[in-house]
There are 2 protein chains.
Amino acid sequence: MSAKATDTDTEQLIKDTAKKVFFSEGRFNATTQEIADAAGVNRTLINYYFRSRNNLFDIVFQDAQVQEHDMMEKIIFSNLSFKEKLSQHLDVFFEQTKKYPYLEIYMVTQMNQGNCYKDKEHMNMLLDKFYLEVAVEMEKGNIERMRPEQFVLNFVSLMSFPVSMRPLLQETMGFTKEGYDKLLEERKDVIMNTLFIK
Amino acid sequence: MSAKATDTDTEQLIKDTAKKVFFSEGRFNATTQEIADAAGVNRTLINYYFRSRNNLFDIVFQDAQVQEHDMMEKIIFSNLSFKEKLSQHLDVFFEQTKKYPYLEIYMVTQMNQGNCYKDKEHMNMLLDKFYLEVAVEMEKGNIERMRPEQFVLNFVSLMSFPVSMRPLLQETMGFTKEGYDKLLEERKDVIMNTLFIK
DNA sequence: TTTGCATTTGACAATTATGTCAAACATTAA
DNA sequence: TTAATGTTTGACATAATTGTCAAATGCAAA
């Protein structure tokens, strides 16, 4: 029992560390040695638990995707109002991406190198449901009229870009870490105001 | 003369090919061999002309940055109206990023690995000038009131994200290549409508 | 034609990263 | 205590990639 607990601990530790190295620090090319060092374990343990570096990568990546996906689903199928759904999604998203700012960027670089795990069918179902809600809001005059897909693009753009591209934007716009943090905090209100007609 | 022209040709060919491999195809880890193959030249020529792989990378990257920067400057210092400046910037940007969709993402991953070539002072000057213009537009009631920095974030987010993250978005949202192209074409109007009060 | 120079090439050396393996170690159950 | 099982380790083999170098090639001027 405690033996099994120990090995699961090490396994989990390696996973967590890899996730941090890859998606918090953005070091996509980190070697197994670097990951092992960061986790404080012997390098070969990575092979022992995960067979290969690639496999570890895949597992960590897939985990992250599933987690993100579940979060989306929970909110979309909640019985919150449309506006509250967006608001809540913003909260959860900002929290997640502050921890792992490089996750989305990594997904992009992987996507057309052939690696893709998205459950497309399920995702389409979620999207279709959401498109309908968007259309209703347009009818009500709460949001600007446009193709629902464009509204979704607007939403994810305004939400994701400043976090995903933070290193670039913070530097180019000449912000300190604190200054940019502040900017992000104000961001939620700005987004809601931009998307909804007053 | 023609000897010099020939070597410059090869040098330029390698540069162009590297740029394409890195920033059009997103293969950031491409080996020197792969780049050489893509250019149809001997691998060691990369060392001959550029000393090292890293150096080639840096040169290509820096070139791209300067180019982007110049483009921005030209528009900001033009005597177009505010709205026309944004409109023109959208045109030029979409054209560029269709060619090199991975450029921005690469910049992000490099930025906090210590590589940064941006001319910060100059960039700040451009931004400050732009912030002033934004403030004026708010006074006029043409755009929503907010911190000018937030308006800039809105603008670049709406513009860049759908292009930068294309591989991810196209896949997740279930678009074909053509469908997504169409979406992007409609995008300019959507952005202008989202940013400006009617 | 020959000399000189830039360019191109293939062979080699050095480095780095990955994965395998057998041995050492620890822990639990008999 | 001992056997059995799972975990950890260091040493080694393999593979991939980069960079150097001397020789070969081609071209242009003397």
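Looking at an unreviewed UniProt entry, one finds chain A named TetR/AcrR family transcriptional regulator and attributed to Flavobacterium zepuense.

A.B. asks: Quick rundown of the UniProt feature "DNA-binding region" (unreviewed entry) in chain A? Include the residues and the values.
C.D. replies: Mapped onto this structure's residue numbering, the UniProt feature "DNA-binding region" (unreviewed entry) falls at residues 31-50 of chain A. End C-alpha atoms of residues 31-50 of chain A are separated by 14 Å, and the span's content is 75% helix alongside 0% strand.

A.B. asks: Give a detailed account of the pattern of salt bridges, specifying residues and quantitative values.
C.D. replies: For the structure on display, the rule yields 26 salt bridges over all chains. Lys140(A) is paired through a salt bridge with Glu137(A); the nearest N and O atoms lie 3.5 Å apart. In this pair, Lys140(A) and Glu137(A) both sit in helix α7 (residues 120-140), three residues apart, roughly one turn of the helix. Note on Lys140(A): relative accessible area 57%, which makes it exposed. One salt bridge in this structure joins Arg147(A) and Glu186(B), with 3.0 Å as the shortest N-O distance. Taken together, the residues Arg147(A) in the loop between α7 and α8 (148-164) and Glu186(B) in helix α10 (residues 177-195) connect one chain to another. Taking relative accessible area as the criterion, Glu186(B) reaches 25% and is therefore assigned partly exposed.

A.B. asks: Tell me about the interface of chain A and chain B, residues and numbers included.
C.D. replies: On the chain B side, the residues contacting the 52 residues of chain A number 52 residues. The junction of chain A with chain B conceals about 4,600 Å² of combined surface from both sides, 67% of it contributed by carbon and sulfur atoms. Taken together, the connections running from chain A to chain B amount to four salt bridges. Of the charged contacts, one joins Lys198(A) and Glu144(B) as a salt bridge, the two residues approaching to 2.6 Å between their closest N and O atoms. Seen at the junction of chain A and chain B, the total is 15 residue pairs in polar contact (both at pLDDT 80 or more).

A.B. asks: Describe the packing of helix α5 (residues 82-99) of chain B against helix α8 (residues 148-164) of chain B, naming the residues involved and giving the relevant values.
C.D. replies: Residues and elements named next belong to chain B. Where α5 contacts α8, the two axes come as close as 10 Å, and the packing angle between them is 30°. Classified by the angle their axes make, α5 and α8 are roughly parallel. For the element pair α5 and α8, the recorded crossing hand is right-handed. From α5, Phe 82, Leu 86, His 89, Leu 90, Phe 93, Phe 94 and Thr 97 reach across to α8, where they touch Phe 151, Phe 155, Met 159, Ser 160 and Val 163. Grouping the amino acids of the contact of α5 with α8 by side-chain chemistry returns nine nonpolar, three polar and no charged.

A.B. asks: Give me the lowdown on the nonpolar core, citing residues and values where you can.
C.D. replies: Phe23(A), Leu86(A), Phe151(A), Phe23(B), Leu86(B) and Phe151(B) are the most contacted members of the largest nonpolar core, which has 128 residues in total. What Phe23(A) contacts, discounting residues up to four positions off in sequence, is Ala18(A), Phe28(A), Val60(A), Phe61(A), Lys99(A), Tyr100(A), Pro101(A), Tyr102(A), Leu103(A) and Tyr106(A).

A.B. asks: For helix α6 (residues 103-111) of chain A, give the residues involved together with the corresponding values.
C.D. replies: A large share of α6(A) lies buried, amounting to nine of its nine residues. Taken together, the buried positions of α6(A) are occupied by Leu103(A), Glu104(A), Ile105(A), Tyr106(A), Met107(A), Val108(A), Thr109(A), Gln110(A) and Met111(A).

A.B. asks: Hey, could you go over the packing of aromatic side chains for me, with residue numbers and the actual values?
C.D. replies: Residues and elements named next belong to chain A. Tallied over the entire structure, the rule returns 30 aromatic pairs over all chains. Measuring from centroid to centroid gives 5.0 Å for Tyr 48 and Tyr 49, while their planes differ by 75°, and the two rings are edge-to-face. Looking at Tyr 48, the relative accessible area reads 64%, which means it is exposed. For the pair Phe 61 and Tyr 106, a centre-to-centre distance of 5.1 Å together with 85° between the ring planes defines the contact as edge-to-face. Taken together, the residues Phe 61 in helix α4 (residues 53-76) and Tyr 106 in helix α6 connect sequence positions 45 residues apart. Taken individually, Phe 61 and Tyr 106 each receive the classification buried, so the pair is uniform in this respect.

A.B. asks: Run through the layout of surface pockets, naming residues and quoting values.
C.D. replies: Rolling a probe over the atoms, with the probe sized like a water molecule, indicates the empty space that remains. Computed from the structure, the largest pocket encloses a volume of approximately 680 Å³. Along the wall of the largest pocket there are 30 residues; nearest its centre are Arg27(A), Phe28(A), Asn29(A), Phe28(B) and Asn29(B). Of all elements in the fold, only α4 and α6 of chain A together with α4 (53-76) and α6 (103-111) of chain B reach the threshold of two or more residues within the lining of the largest pocket. Residue composition of the lining of the largest pocket, grouped by class: eight nonpolar, 15 polar and seven charged. If you add up the space inside the second largest pocket, you get close to 380 Å³. If you go around the second largest pocket, you meet 20 residues; those closest to its centre are Glu144(A), Thr194(A), Glu144(B), Thr194(B) and Phe196(B).

A.B. asks: Mind laying out the relation of the copies chain A and chain B, listing which residues take part and the relevant values?
C.D. replies: Laying chain A over chain B is done by rotating through 180° and shifting 0.0 Å along the axis; what remains is an RMSD of 0.0 Å. With respect to symmetry, the two chain copies, as superposed, fit the operation of a two-fold axis. By residue overlap, the copies meet face to face through one surface: 100% of the interface positions of chain A are interface positions in chain B.

Definitions and limits used
- Residues numbered from 1 in each chain as written.
- Chains lettered and ligands numbered in written order.
- Predicted model: local features only at pLDDT ≥ 70, side-chain atom pairs only at ≥ 80, totals over all residues.
- Heavy atoms only, no water.
- UniProt positions renumbered as here; feature names shortened; annotations may be inferred.
- Helix = DSSP H or I, 4+ residues; strand = E, 2+ residues; numbered from the N terminus.
- Salt bridge = Lys/Arg side-chain N within 4 Å of Asp/Glu carboxyl O.
- Buried < 20%, exposed > 50% of the residue type's maximum accessible area, 1.4 Å probe, protein only.
- Contact = heavy atoms within 4.5 Å.
- Buried area = accessible area lost by both parts, 1.4 Å probe.
- Polar contact = N/O pair within 3.5 Å; in protein donor to acceptor, adjacent residues only side chain to side chain.
- Axes fitted to C-alpha atoms, helices over the stretch in contact; angles between N-to-C directions.
- Parallel < 35°, antiparallel > 145°, perpendicular 65-115°, else oblique.
- Left-handed = near helix turned anticlockwise from the far one by under 90°.
- Nonpolar A, V, L, I, M, F, W, Y, C, P; charged D, E, K, R; others polar.
- Core = buried A, V, L, I, M, F, W, Y, C linked by side-chain atoms within 4.5 Å.
- Phe/Tyr/Trp six-rings, centres within 6.5 Å; stacked < 30°, edge-to-face > 60°.
- 1 Å grid on protein atoms, 1.4 Å probe; cavity = no way out; pocket = protein on both sides within 12 Å on 5 of 7 lines; lining within 4 Å.
- Points joined across faces, edges and corners; volume = space filled by probe spheres on them.
- Least-squares fit on C-alpha atoms with pLDDT ≥ 70 in both.

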